[in-house]
Amino acid sequence: MPHKIGFVVVSSSGHEDGFSARELMIHAPTVSGWRSPRFCQFPQEIVLQMVERCRIRKLQLLAHQYMISSKIEFYISESLPEYFVPYQAERFRRLGYVSLCDNAKTGCKARELKSVYVDAVGQFLKLIFHQNHINKYNIYNQVALVAVNIIGDPADFCDESNITSREKLIDHYLGHSADDPALDGTYTGKPDYISPLDDLAFDMYQDPEVAQIIRKLDERKRDAVQKERYDYAKKLKQAIADLQKVGERLGRYEVEKRCAVEKEDYDLAKEKKQQMEQYRAKVYQQLELHNLMDAELMRRPLDLPLQPLVHPSSPRRQSSKALLPQKEEHLTEKPASEPVLQDQSSQSHGIPPHAAVDPLQPASESHPKTTVETLPYDERPLPAIRRQQGDALTEYEVSNADGIETHKGVLWEPEPLTEKALREASSTIDVLGETLVAGAYSKTWSYREDALLALYKKLMEMPIGTPKDDLKNMLRASIFLIRRAMKDIVTSVFQASLKLLKMVITQYIPKHKLSKVETTHCVERTIPTLLTRTGDSSARLRIIASSFIQEMALFKEVKSLQIIPTYLVQPLKANSSTHLAMSQLDLLARLLKDLGTEGSGFTLDNVMKFSVSALEHRVYEVRETAVRIILDMYRQHRAFVLEYLPPDDSSTRKNLLYKTIFEGFAKIDGKPTEAEIRAQKKAATEEAERQKKEEIKALQGQLAALKEAQAEVQEKESDSDSTKPRDEDTQGRKADPPSAPEIPDNHYLDNLCIFCGERNESFTEEGLDLHYWKHCLMLTRCDYCKQVVEIASLTEHLLTECDKKDGFGKCYRCSEAVLKEELPRHIKTKECNPAKSEKLANRCPLCHENFSPGEEAWKGHLMGPAGCTMNLRKTHILHRVQGLLPGKTMTRTGTSGLKAGSKIPTLRGGLSKGSNRTYTKR
């Protein structure tokens, strides 16, 4: 049988002070586990050596709540490699990996317990931790592991051939097999059965000393079963269940004591220590009274060998250990069905009564909420433990596929009712009797289930013709017990209550022809509790409860009452759990498809009001389901749904949910969505740009041809001037060139800066270069590539043209270029001035201000005395551009090229010191 394997830590890549990897060798409620160094290099590595060569069957990892590795790999080896010898690292064989959740849904407040089933033989296990998940709590980019548990068999003892043939022979003659369902869930029927005591959840909740005692008693219980001493085994079983509650409480006290020490509240720490000692002494005294305690069990864990480094079933242990002296059981003691350890200390120590739980229920459910919330993160119980320990209940659950039948030949001996229970159920006792009610109130789950089965049989056997008053009293008493059983955490008890309720509604009431008032009573008394169970932490219970509510809503006796729909459209509470909200939305969506909105209790008004309010819920899945319901309602009612939603405008579409809703409406109506419209506009823009580029290319070809003709004419003029004197006409003017295709007004650009409009005699080709490089108020030099660009296109240059463009990102708020390493802080501080649409305003990249739109507005802003205050070139007031010919206007294209259809001179190409400029005109 697989069991817990002890191990030691051989090596690790490193650790933070106080969080060594050797902490993983200890399993207790107060352990902190291992943490990697701050800002460590990945991957990190830990090597574990098991106490013997074994076949690993199961690995359990308890992750930290926020120092979470994205992936953990597992490697196994027969021997430890010599890392300084070449090629020895190949001794480790890779088993695989697991991915860990980033814990964002829980707000990094819960730990993930990961169980991995493997089948590998070796003695050394290596864990490799990869890059951590990013969150706001893990500021040093660390990974951590709170605990690790290895479960397996000794490699030399795990072969099935070693199982004794005596048991196989007996099973053969009795007609039993390993697949017998009667043995399902027990370690006698499953060779691979893993004891709950070996689960990591057990040690992480239990006081270490009590955990050792529980393991000793469990070992004695197995020996007693083998020797057929069943009364003694039954007493040990009850003692183990009670000790689990004791160990959990002592573990809780230890955590509280540690917290008090960390806060330097030594008075509280001393009080907790005394409380633990007194409670422990009382428990041990009761064990001695029941002849369950001896010197072997009283040894402290520090005196005991580390358990279970060698499991009792291991051949190494069997060959070396001596048999422990067993005390004889006293058959005249109190019945074993009663708790061996009376919970008397809960009164003397101020422990609330609800802290004591059913010994057969999962131990994790006994933690009070207030205690858990006050613990620090490292000490809080993990929610995943509930599911792991809950698996232990499966061996006790009874499955009745064809209906409910009472257990034949079972003799009940439930504990007497308390005074509180007698007062609470007095009217029910008068109808059903004290014995049946006592079973329904029992601390033992099997008694509670048997009480419901007996009630089921009793109601089915009620003869026709019984007085109506007796029938009604029986029904109301049954509903009282059904409501109580619906709150039970044991799955079989909960299912029995649902089957009993179904029988009451569909068989008992119609059989005896009771009125709809009784059906209404059944539904109204049980549906609130059922809805509460749909928010249970157990996924199995949530599914069972939701499926039954849907089934009950479709009962013909219930459907006509229209009760359940009115409960499902009640507004969600702000503090309701995520599971409860999701279950309510899912139920609403499913029942809407089954029942519709005509005569079902669902109306357009109540469904839409509920769904619109659910859009404000804090959980994304709830909001997403509400959107789906709204879209389904729109398919049926169209225009009426729009009355419950805000108008479809740009401000509303800023909300992603409403944007999704309105786009969904467009798809239903067959209209293009906003994304599709944007795609069409983008395609049209790209086509226009393509045509623009082709036109620019044609204009450039014409310009080149014009310049070539002009150069030829100038060359002929220079040749004629060198051979004969210059001829002048009678009016003293120069003779025209022989063939001058030049446009008469071509020289108006001479000595003119086409950006700022300044005209100066010094603006020759070299002078304009100097002007552009140092003085033009409309231009600036890029600090990153040293290219001269227009200020108006500086942002576009940094994002698309600059040599360092990969280092910039665009702020969605101000639309400016920001260094990518500064962009998160820039967006988070929200200090930038939001930009407006290009049609409404221009945006200056120097002073970050919005000003009036248009091309001329740039000159007024960058050159005017009341304009931009951050333009370093503005040293004096510039004059407006003079000398432009009538009908000639200017605009800028910067480095983007000639604008199609413009009547302007344009500077082509990027500007840099000493660059060649090309002027074009249309």
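Conventions and cut-offs
- The residue numbering used here restarts from 1 in each chain and proceeds along that chain's sequence as written.
- Per-residue local features are limited, in this predicted model, to residues with pLDDT of at least 70; the limit for side-chain atom pairs, both in listing and counting, is 80 or more; totals at the level of whole chains, interfaces and linings are taken over all residues.
- Excluding hydrogens and water, the side-chain figures rest on all heavy atoms present in the structure.
- A run of H or I in DSSP becomes a helix once it reaches four residues, and a run of E becomes a strand once it reaches two; helices and strands are each numbered from the N terminus.
- For every residue, the accessible area obtained with a 1.4 Å probe (protein chains only) is divided by the maximum for its type, and the residue is called buried under 20%, exposed over 50%, and partly exposed between those limits.
- Working rule for contacts: check all heavy atoms of both residues, and any pair within 4.5 Å makes them a contact.
- To measure how exposed things are, a 1.4 Å probe is used in the Shrake-Rupley method; for residues, cover is taken only from the protein chains shown.
- Stacked, tilted and edge-to-face are the three classes applied to pairs of Phe, Tyr and Trp rings, where Trp contributes its six-membered ring and a pair requires centres within 6.5 Å; stacked means planes under 30 degrees apart, edge-to-face means over 60, and tilted covers the rest.
- As a per-residue measure, pLDDT tells how confident the predictor is, with possible values from 0 to 100.
- Think of a nonpolar core as a cluster: buried Ala, Val, Leu, Ile, Met, Phe, Trp, Tyr and Cys residues, connected wherever their side-chain atoms sit within 4.5 Å.
- When two cysteine sulfur atoms are found within 2.5 Å, that pair is recorded as a disulfide.
- Salt bridges are identified by distance alone: a Lys or Arg side-chain nitrogen within 4 Å of an Asp or Glu carboxyl oxygen.
- To estimate the expected span of a helix, subtract one from its residue number and multiply by 1.5 Å.

This paragraph deals with the overall build of the protein chain. Scanning the protein chain for helices and strands turns up 31 helices and 16 strands. With 922 residues in all, the protein chain has 46% of them scored as buried. Summarising the internal contacts of the protein chain: among those between residues at least 6 apart in sequence, 67% fall at separations of at least 24. Surface accessibility of the protein chain: about 50,000 Å² in total, with carbon and sulfur atoms responsible for 52%.

Further remarks concern the packing of aromatic side chains. According to the stated counting rule, one finds 9 aromatic pairs in the structure shown. Centre to centre, the rings of Phe39 and Tyr140 are 5.7 Å apart; their planes meet at 85°, and the pair counts as edge-to-face. Of this pair, Phe39 sits in the loop between strand 3 (34-35) and strand 4 (44-63) while Tyr140 is found in the loop between strand 7 (113-129) and strand 8 (144-154), placing the two residues 101 residues apart along the sequence. A relative accessible area of 52% places Phe39 in the exposed class. Using a relative accessible area of 27% as the deciding quantity, one classes Tyr140 as partly exposed. Between Phe662 and Phe665 the ring centres are 6.0 Å apart and the planes differ by 80°, which places this aromatic pair in the edge-to-face class. Linking Phe662 with Phe665, this pair stays in helix 26 (residues 656-669), spanning 3 residues, or about one helical turn. Residues Phe662 and Phe665 agree in their burial class; the two are buried. Three or more aromatic residues joined by ring pairs make a cluster, and in this case those are Tyr634, Phe662 and Phe665.

Looking at the protein chain, pLDDT values average 75 and 73% of them are 70 or higher. The least confident element of the protein chain is strand 16 (residues 918-920), whose mean pLDDT is 34; the most confident is strand 3, at 94. In this model, residues 84-89 is a region of pLDDT below 50 whose contacts with residues beyond four sequence positions or in other chains number 3 contacts.

Judged by nonpolar contacts, the single largest core of 91 residues is most densely connected at Leu501, Tyr508, Met552 and Ile564. With 11 residues, helix 16 (residues 491-511) is the single largest residue contributor to this core. Apart from residues no more than four positions distant in its own chain, Ile564 is found in contact with Val523, Ile527, Ile549, Met552, Ala553, Val558 and Leu591.

Here we come to the state of the cysteines. Taken as a whole, this structure holds 0 disulfides when the rule is applied. Cys811 supplies the cysteine sulfur nearest to Cys814, a cysteine that is in no disulfide, at a spacing of 3.6 Å. Classification of Cys814 by relative accessible area gives buried; the value is 2%. With no disulfide partner, Cys832 has as its closest neighbouring cysteine sulfur the one in Cys811, 4.0 Å distant.

The next point concerns the environment of Phe763. In this fold, Phe763 is placed in the loop between helix 27 (674-723) and helix 28 (765-775). Other than its neighbours up to four places away in sequence, Phe763 contacts Asn751, Leu752, Cys753, Glu758, Leu768 and His771.

Under the counting rule described, the total for this entry stands at 29 salt bridges. Its salt-bridge partner being Glu78, residue Arg53 comes within 2.8 Å of it at the nearest N-O pair. Of the two residues, Arg53 sits in strand 4 while Glu78 sits in the loop between strand 5 (71-77) and strand 6 (93-99), which places them 25 residues apart along the sequence. The salt bridge involving Arg628 is made with Asp586; its shortest N-O contact spans 3.9 Å. With Arg628 in helix 23 (residues 620-637) and Asp586 in helix 21 (residues 578-595), this residue pair connects regions lying 42 residues apart in the sequence. Taking the relative accessible area as the measure of exposure, Asp586 reaches 27% and is therefore partly exposed. Sharing partners across several salt bridges, the network here consists of Lys4, Asp203 and Arg215.

Moving on: helix 21. Helix length check: helix 21 (18 residues) gives 25 Å between terminal C-alpha atoms against 26 Å at 1.5 Å per residue, within 8%. Taken together, the buried positions of helix 21 are Ala581, Met582, Ser583, Gln584, Leu585, Leu587, Leu588, Ala589, Leu591, Leu592 and Leu595. Packed against the buried residues of helix 21 are helix 17 (516-533), helix 18 (539-553), helix 19 (556-559), helix 20 (564-568), helix 22 (604-614) and helix 23. Two residues or fewer after helix 21 comes Gly596, characterised by a positive phi angle close to 75°.

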